[in-house]
Amino acid sequence: MLAADRVVAAFLGAGVGVMVNALVLPPVYLHSVHEAAGGVVRECCGILEVVAEGLKGPWRYEQAVRWQERARRLPGLLRALRSAVEWAEESTRLNPERRRRARPAGPLGEETLRTLEDVADHLQGLTRVLAEAAADSVRHAEVTRPYADFLHGVGQALTAYGRTVTGEDTQDARRELERTLRQVEAAHGDLRARLAGRPVLGAAAVELSGSLLAEARRLACRLCRGGTRGGTDASAGSGPPVR
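Residues numbered from 1 in each chain as written. Predicted model: local features only at pLDDT ≥ 70, side-chain atom pairs only at ≥ 80, totals over all residues. Heavy atoms only, no water.

## A word on the packing of aromatic side chains
We count it as follows: Here a Phe, Tyr or Trp ring, Trp counted by its six-membered ring, pairs with any other such ring whose centre lies within 6.5 Å, and the pair is stacked when the planes are under 30 degrees apart, edge-to-face when over 60, and tilted otherwise. Note on conventions: DSSP H or I runs of at least 4 residues are helices, E runs of at least 2 residues are strands, and numbering of each starts at the N terminus. Residue burial is assigned from relative accessible area. The probe radius is 1.4 Å, only protein chains are included, and a residue is buried under 20% of its type maximum, exposed over 50%, and partly exposed in between.
The tally for this structure, following the rule as stated, stands at one aromatic pair. Plain terms: the ring middles of Y147 and F150 are 5.8 Å apart, the flat faces sit at 50° to each other, and that makes the pair tilted. Taken as a pair, Y147 and F150 lie in helix α7 (residues 137-165) at a separation of three residues, close to a single helical turn. F150 shares its class with Y147; the two are buried.

Have a look at this one:
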């Protein structure tokens, strides 16, 4: 009789666990997804800001190394985000109500994940270029100083993009995203003009200028492409192309 009672208790416990997972935990998982996505966006913005501030004047090798090391930690945050998305999708499959309302692409959407991964990849490329050029940072200050303004603009656009990614996709957030994307496009064009018209100090400066422009284009293009599709992978909205 005691054994039978234990079997019944075990089945009841398992049933309660399934019900909790199906009816209670999915919102917790989705909250974790938004928290993880917000963490990625904040860290990317933090890197953009600290690099932009550093490039306003001559930067030291030690600074460039710290920027590069910080950017190298982004893939770990992105793996945690993908893990949170997978948990949320699994819990959604166990929840009939949320399954009826779920988007096929998941809590964030694959396009959003790819956008954040590409932005992180471009930040790693940017910090790598700066670390490699750090030995001549004093001579390169005239080349990199105009770059600081562009990075500030990208950081503002990424912050606005993050508001749509983390569940704040209101009309105000969408308008702010579109406005900052236009600013990024304008800043990219201004950066090209300023670097092209600035007298350079040798082949190394020319090479650095070209590398920075290439990374600027990749960052701006990816953010604009991801932003025009929206943080929730909606097809509405059309932003400016970056050339």
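## Considerations on the environment of H140
Heads up, the rule is: Contacts: residue pairs with any heavy atoms within 4.5 Å of one another.
Along the polypeptide, H140 turns up in helix α7. A residue is classified by how much of its surface remains accessible, and H140, at 2% relative accessible area, is buried. Along the chain, H140 and P58 lie 82 residues apart, while their C-alpha atoms are 7.5 Å from each other. Setting aside anything within four residues of it in sequence, one finds H140 in contact with W59, A133, A204, A205 and L208.

## Regarding the confidence of the model for the protein
Spelled out, the test is: A residue's pLDDT is simply how confident the predictor is in it, with values from 0 to 100.
In this model, the protein carries an average pLDDT of 75, and 68% of its residues clear a pLDDT of 70 or more. Across the protein, helix α3 (residues 61-72) holds the top mean pLDDT of 94, while helix α1 (residues 2-23) sits lowest at 43. Per-residue pLDDT stays below 50 along residues 4-29; that stretch engages in 17 contacts with residues further than four places along the chain or on separate chains.

## Details of α3
Put simply, the rule reads: Each residue after the first adds 1.5 Å to the expected span of a helix. The directions considered for the arc are those from the helix axis to the C-beta atoms.
For α3, spanning twelve residues, the distance from its first C-alpha to its last is 17 Å, which sits close to the expected 16 Å at 1.5 Å a residue. Of all the positions in α3, only Q63, A64, W67, Q68 and A71 are classed as buried. Seen from one end, α3 has its buried residues packed into an arc of 135°, which puts them on one side.

## Here we look at the nonpolar core
What counts is decided by this rule: The definition of a nonpolar core used throughout is a set of buried Ala, Val, Leu, Ile, Met, Phe, Trp, Tyr and Cys residues joined through side-chain atoms within 4.5 Å.
Counting 57 residues, the largest nonpolar core has L55, L81, Y147, F150, L151 and L158 as its most contacted members. Mapped onto this core, the elements with two or more residues apiece are α2 (25-54), α3, α4 (74-93), α6 (110-133), α7, α8 (171-196) and α9 (203-229). When residues of this core are assigned to their parent elements, the largest contribution, eleven residues, is made by α7. Residues contacting L55, with those up to four places away along its chain left out, are W67, L130, T144, R145, Y147, A148 and L151.

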